[in-house]
Amino acid sequence: MIKTSYEFDQSILPAGSSLKTNILLRFRADIAESPRRKLNLSLVIDRSGSMAGAPLHHALKAAESVVDQLEPDDILSVVVYDDEVDSVVPPQAVTNKAALKNSIHKVRAGGITNLSGGWLKGCEHVKTRLDPQKINRVLLLTDGHANMGIQDPKVLTATSGQKAEEGITTTTLGFAQGFNEDLLIGMARAATGNFYFIQSIDEATEVFSIELDSLRAVVGQNLKVTLELADGVSLVDTLSLAKVSQNDTSQAVLTLGELYEGEDKLLGLSLVISSAEVGELPVMKLHYSADVVQDDLIQSVSGTADIIAKVGTVEEAAFASTSHIILELSRLTIAKAKETGLNLAEHDRHQEAEQTLRALVKDLRDKGLNENFEIAEEIDQLEYFAGRIAQKALGNAGRKEMRDQSYQTMTRNRSDLVGRGITTGDDVYAIPIVNEVGSGVELCCVREGGKLRVKVMSEGYDSTKNIQFPRAIRAEGARYVVEGLELSSDGTFYRVRGQITRFAQPGEADIFVAPRQSNIANTGKASKALASAADLPTTDAVGDRILVQCVKDGSKLRARVVSDGYEPDWNMRFPRSVREEGMLYLVDEIKTAPDGKSYIACGEIKRFVQPTTTN
């Protein structure tokens with residue numbers, strides 16, 4: 001059984017012609033007590049060179065944490081990939097957790113990124129144990145771009161959709177800043193799976209746990225909604241992420257994916273009604289279907305709901321109370337605006353993108369929605385992104401945050417997934433510095449659940465309350481002094497009053513005096529040879545250096561760049577005396593040779609030693 005409900009953004013719509021309105025539809029699987037679904041899970045983990053060091057360490061620890069959370073009747077496989085694909089854990093019941101974690105523990109970083117090979121192997125493992133009564137899922141983690149195997153995003157996205165039709169859903173996890181978010185989001189959307197942006201490597205375990213919690217809570221799958229619009233009603237926009245198609249009678253069919261226990265699936269729609277008379281107005285018939293848990297089995301259910309609007313005079317509409325779902329609709333509208341603004345900016349329509357975001361800010365404030373903390377935070381995000389876009393300086397991190405925030409809001413109804421972003425605001429480096437608090441109020445910026453929050457440190461204030469604070473000057477670990485704080489109208493959060501300065505105690509190092517630069521001096525000089533690889537200095541941290549691997553090419557040993565952003569097949573000028581098959585090296589700089597089709601290793605060479613992963 002699926003429960004449906006709906007509300008318009010105005011409780012009474014005004015009579016007249018050409019009326020635009022928004023509607024929020026809710027779907028929930030009505031199950032008295034949901035048993036835990038068994039899992040058929042494949043973890044597919046990127047172990048390419050760019051993952052070397054701390055990233056792979058945290059990814060493997062996250063994988064081990066998954067093992068700890070599974071039950072003996074779950075099925076698990078683990079695939080790792082670089083230019084080669086290895087099944088370190090073939091599909092098996094989770095009966096010996098120590099052995100499974102030991103297999104994961106032994107994984108080491110390698111070469112370049114054969115994303116398609118690793119992912120398809122994970123799909124193959126899930127297929128061998130495919131069970132429609134289980135959650136059949138591949139979790140694909142990568143920190144880089146596919147540069148080997150199938151690389152075309154359109155092919156990978158289409159294939160992800162095909163695998164979903166076979167019963168294998170894909171969830172994608174983008175690690176740090178190097179991955180292709182359009183590809184990973186595209187694959188997740190095509191498969192009606194989930195996507196996560198793991199912003200900081202130490203978040204990996206937390207994000208894996210969120211996905212496992214979601215999988216345990218799946219009580220329905222393949223939710224589809226068909227809109228049978230009444231005459232004179234047209235669909236303008238969809239405010240939620242859905243695969244939209246048309247049936248044989250040209251009706252819109254929206255595929256919304258999974259239903260989670262205790263979580264409403266939200267569908268926001270923008271409609272235009274050509275004319276409306278006072279009374280009850282039929283707007284559409286809603287036809288829905290899904291596969292839900294009933295009597296411990298997955299069964300197909302379907303239903304129909306009539307959507308009817310209440311129409312009154314202009315005066316009645318004006319005096320009617322605003323619908324309480326305005327906050328949910330506003331969140332969806334904000335997410336849609338971020339998606340629109342980003343698309344405009346990427347087509348060099350920066351001014352139009354900025355105007356789109358700033359116009360929404362004005363509208364939200366005019367409606368008084370900035371008195372709600374979540375919307376106030378979104379306003380700060382919109383202003384931050386608008387400013388970055390206007391300067392044509394959104395950057396890789398800003399783009400990923402904007403895409404992630406839009407995706408999560410339009411896909412899930414979970415507060416811990418929306419509004420995430422921990423990139424340091426560039427303006428923090430420019431604000432004035434003070435060395436004492438004086439009569440002001442001291443604040444600090446902390447990372448909290450993937451978000452940058454500002455908290456009060458001075459006495460006399462409630463330290464549990466959040467503070468509305470400009471996103472452009474937030475930086476984890478930064479401290480500030482403001483003239484004062486004032487409570488919001490509902491008393492739930494603080495607003496900053498007066499000038500904002502940054503606080504640095506005398507004698508303490510100030511880590512925000514300027515953007516931190518690499519300490520590597522790029523000389524442009526080719527690397528010098530040593531007697532052997534054993535003579536090279538060693539390190540277990542990649543940092544700002546470039547990872548190189550020695551591989552066998554016929555009878556020769558070749559050096560190849562395995563860090564993202566380079567041609568993986570190009571030869572390289574690299575000292576022969578230190579070449580050993582399979583060894584990983586770090587170099588300060590890579591230059592393109594005069595022939596335009598090979599590289600030169602420059603600066604100091606270090607031998608990369610895989611860090612130890614402890615259980």
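Please read these numbers as outputs of a predicted model, since none were measured by experiment. (Residues numbered from 1 in each chain as written. Predicted model: local features only at pLDDT ≥ 70, side-chain atom pairs only at ≥ 80, totals over all residues. Heavy atoms only, no water.)

### Notes on the overall build of the chain
Okay, so step 1: For the chain, the helix and strand inventory stands at 11 helices and 28 strands.
Okay, so step 2: Against the 2.2 N^0.38 benchmark of 25 Å for 615 residues, the chain shows a C-alpha radius of gyration of 27 Å, consistent with a compact globule.
Okay, so step 3: In terms of overall dimensions, the chain has a C-alpha envelope of 90 × 65 × 50 Å along the principal axes.
Okay, so step 4: Buried positions account for 54% of the 615 residues belonging to the chain.
Okay, so step 5: Expressed as a percentage of contacts within the chain between residues at least 6 apart in sequence, the contacts between residues at least 24 apart total 72%.
Okay, so step 6: Of the roughly 26,500 Å² of accessible surface on the chain, 47% is carried by carbon and sulfur atoms. (Helix = DSSP H or I, 4+ residues; strand = E, 2+ residues; numbered from the N terminus. Rg over C-alpha atoms; globule rule 2.2 N^0.38 Å. Buried < 20%, exposed > 50% of the residue type's maximum accessible area, 1.4 Å probe, protein only. Contact = heavy atoms within 4.5 Å. Areas by Shrake-Rupley, 256 points an atom, 1.4 Å probe, with all protein chains shown as cover.)

### With respect to the packing of helix α8 (residues 326-345) against helix α9 (residues 350-366)
The relative placement of two packed helices is expressed as an angle between their axes plus a distance between the axes.
Okay, so step 1: In contact at an axis separation of 7 Å, α8 and α9 are set at 165 degrees when each is read in the N-to-C sense. Viewed along their axes, α8 and α9 adopt a mutual orientation that is roughly antiparallel. Crossing hand, α8 versus α9: left-handed. Every residue of α9 that contacts α8 at Ser 330, Thr 333, Ile 334, Ala 337, Lys 338, Gly 341, Leu 344 and Ala 345 is listed here: His 350, Glu 352, Ala 353, Thr 356, Leu 357, Leu 360 and Leu 364. (Axes fitted to C-alpha atoms, helices over the stretch in contact; angles between N-to-C directions. Parallel < 35°, antiparallel > 145°, perpendicular 65-115°, else oblique. Left-handed = near helix turned anticlockwise from the far one by under 90°.)

### Details of the environment of Asp 82
Okay, so step 1: By secondary structure assignment, the location of Asp 82 is in the loop between β5 (75-81) and β6 (85-93).
Okay, so step 2: Setting aside chain neighbours within four positions, we find Asp 82 in contact with Arg 47, Ser 48, Gly 110, Gly 111, Ile 112, Thr 113 and Asn 114.
Okay, so step 3: One polar contact links Asp 82 to Arg 47, side chain to side chain, over a distance of 3.5 Å.
Okay, so step 4: A distance of 2.9 Å separates a polar atom in the side chain of Asp 82 from the backbone nitrogen of Glu 84. (Polar contact = N/O pair within 3.5 Å; in protein donor to acceptor, adjacent residues only side chain to side chain.)

### Quick notes on the sheet that holds strand β11 (residues 233-238)
Hydrogen bonding along the main chain pairs the strands of a sheet, whether they run parallel or antiparallel.
Okay, so step 1: Strand order in the open sheet formed by four strands is β1-β3-β14-β11, and the pairing between neighbours is antiparallel. Taken across any chain shown, the strands that pair with only one partner, and hence form the sheet edges, are β1 (2-8) and β11. Between one strand axis and the next, the sheet turns through 30 degrees on average, direction left out of account.
Okay, so step 2: As defined by bridge partners, β11 adjoins strand β14 (residues 265-276) across five bridges and the pair is classed as antiparallel. Directly across from Asp 237, in β14, lies its bridge partner Ser 270. (Pairing = 2+ DSSP bridges.)

### Some thoughts on the packing of helix α10 (residues 373-390) against helix α11 (residues 395-411)
Okay, so step 1: Relative orientation of the contacting elements α10 and α11 amounts to 140 degrees, with a least axis distance of 11 Å. With respect to each other, α10 and α11 are oriented oblique. Our pair here, α10 against α11, has a crossing hand that is left-handed. Between α10 and α11, the contacting residues are Gln 381, Phe 385 and Ile 389 on the first element and Gly 398, Glu 401, Met 402 and Gln 405 on the second.
Okay, so step 2: Grouping the amino acids of the contact of α10 with α11 by side-chain chemistry returns three nonpolar, three polar and one charged. (Nonpolar A, V, L, I, M, F, W, Y, C, P; charged D, E, K, R; others polar.)

### Regarding the pairing of strand β3 (residues 16-29)
Okay, so step 1: Across seven bridges, the pairing between β1 and β3 is antiparallel. Each residue of the ladder has a partner; that of Thr 4, found in β3, is Phe 27.
Okay, so step 2: Sheet analysis places β3 next to β14, joined by 11 bridges and oriented antiparallel. Following the sheet pairing, Leu 25 is matched in β14 by Leu 267.

### Concerning the environment of Leu 139
Okay, so step 1: Looking at the secondary structure, you find Leu 139 in strand β7 (residues 135-142).
Okay, so step 2: Since its relative accessible area comes to 2%, Leu 139 is described here as buried.

### Describing the nonpolar core
Okay, so step 1: By size, the foremost hydrophobic cluster in this structure holds 47 residues, and its most contacted members are Leu 41, Leu 43, Leu 70, Leu 76, Leu 141, Leu 173 and Phe 208.
Okay, so step 2: Broken down by element, the residue count for this core peaks at seven residues, all from helix α1 (residues 54-69).
Okay, so step 3: Within the second largest apolar cluster, 35 residues are counted, among which are Leu 19, Ala 29, Val 233 and Ala 305. (Core = buried A, V, L, I, M, F, W, Y, C linked by side-chain atoms within 4.5 Å.)

### Things to note about unusual backbone geometry
Okay, so step 1: Of note in this structure, Ser 18 is not a glycine but carries a positive phi near 50 degrees.
Okay, so step 2: Within the secondary structure, Ser 18 sits in strand β3.

### Digging into the pattern of salt bridges
Okay, so step 1: Tallying each qualifying case throughout the model produces 44 salt bridges.
Okay, so step 2: One salt bridge in this structure joins Asp 68 and Lys 101, with 3.0 Å as the shortest N-O distance. Placement of Asp 68 in helix α1 and of Lys 101 in helix α2 (residues 97-105) is noted, with a sequence separation of 33 residues between them.
Okay, so step 3: Judged by its relative accessible area of 42%, Asp 68 falls in the partly exposed class.
Okay, so step 4: For Arg 399, the salt bridge identified is with Glu 181, shortest N-O distance 2.6 Å. With Arg 399 in helix α11 and Glu 181 in helix α5 (residues 181-190), the pair connects residues that are 218 residues apart, well separated along the chain. One exposure class covers both Arg 399 and Glu 181, and it is buried. (Salt bridge = Lys/Arg side-chain N within 4 Å of Asp/Glu carboxyl O.)

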